[in-house]
Amino acid sequence: MYHCATPLVPQHIAAGMYGMILVEPEQGLPKVDREFYVMQGDMYTQRPIGAKVHQDVDLQRMSDELPTYYVFNGAVGALSKTHKMQAKVGETVRIYFGVGGPNKIASFHIIGEVFDKVYSEAALNTIKHSVQTTVVAPGGATIVELKMDHPGSYLLVDHALSRTGKGAVGVLEVTGEGVPGVYKPSAL
Ligand SMILES: [Cu+2]
């Protein structure tokens with residue numbers, strides 16, 4: 001994860017001056033069907049969330065670490081309305097997930113799925129299996145992989161779930177025929 005270092009650094013980061021660079025091993029990472037880039041950030045504004053006016057930074061809120069917004073890829077709705085994340089049943093999805101911050105740790109989770117693999121802290125020499133939620137520090141990243149077994153709308157969230165109401169939600173749309181037995185109706 002990179003960012004600028006112009007004072008005030010957290011103010012610049014809160015405005016989105018960060019991104020991710022992938023350094024692959026010489027042979028590359030294993031092939032997957034889909035790859036997505038997601039970064040979480042926190043924002044501090046003088047007006048309440050949703051105010052339809054120019055939103056200046058609130059330096060006191062920033063200092064107090066009380067974000068107005070939590071966003072994926074820089075805007076509310078970036079990964080739920082503006083851009084669609086799509087995959088098909090049977091495909092393997094890899095998500096590069098980073099936290100620009102400046103301040104807040106993310107508890108990255110996908111509702112309805114489990115990460116088959118997590119490269120914790122984006123260290124390519126360490127793979128964890130079958131992880132439900134993974135912690136990502138500000139200035140850090142992770143890589144997760146999951147095979148999609150069933151169609152549906154899977155929500156990407158920070159599992160500090162109050163943050164979904166402040167923007168931190170994305171949608172991975174999976175189409176196709178479900179694998180029998182993955183989800184079955186309960187016997188009532
Ligand atoms: Cu900057």
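Look above for the structure.
Residues numbered from 1 in each chain as written. Predicted model: local features only at pLDDT ≥ 70, side-chain atom pairs only at ≥ 80, totals over all residues. Heavy atoms only, no water.

**Quick word on the packing of aromatic side chains**
Scanning the entire structure with this criterion turns up three aromatic pairs. A ring pair is formed by Phe72 and Phe97, whose centres lie 6.0 Å apart and whose planes are at 80°; its orientation type is edge-to-face. Of the two residues, Phe72 is situated in strand E4 (residues 69–72) and Phe97 in strand E6 (residues 92–101); the sequence distance between them amounts to 25 residues. Comparing Phe72 with Phe97, the two get one shared label, buried. Ring centres of Phe97 and Phe108 lie 4.0 Å apart, and the angle between their planes is 15°; on these two criteria the pair is classed as stacked. Of this pair, Phe97 sits in strand E6 while Phe108 is found in strand E7 (residues 106–111), placing the two residues 11 residues apart along the sequence. Taking relative accessible area as the criterion, Phe108 reaches 0% and is therefore assigned buried. Through successive ring pairs, a cluster of aromatic residues spans Phe72, Phe97, Phe108 and Phe115. (Phe/Tyr/Trp six-rings, centres within 6.5 Å; stacked < 30°, edge-to-face > 60°. Helix = DSSP H or I, 4+ residues; strand = E, 2+ residues; numbered from the N terminus. Buried < 20%, exposed > 50% of the residue type's maximum accessible area, 1.4 Å probe, protein only.)

**Here we look at the nonpolar core**
Ranked by size, the top nonpolar core spans 26 residues in total, and within it Ile95, Phe97, Leu156 and Leu172 carry the most contacts. Top contributing element to this core by residue count: E6, with four residues. Core analysis: the second largest hydrophobic core is formed by nine residues, Tyr18, Leu29, Tyr96 and Ile143 among them. (Core = buried A, V, L, I, M, F, W, Y, C linked by side-chain atoms within 4.5 Å.)

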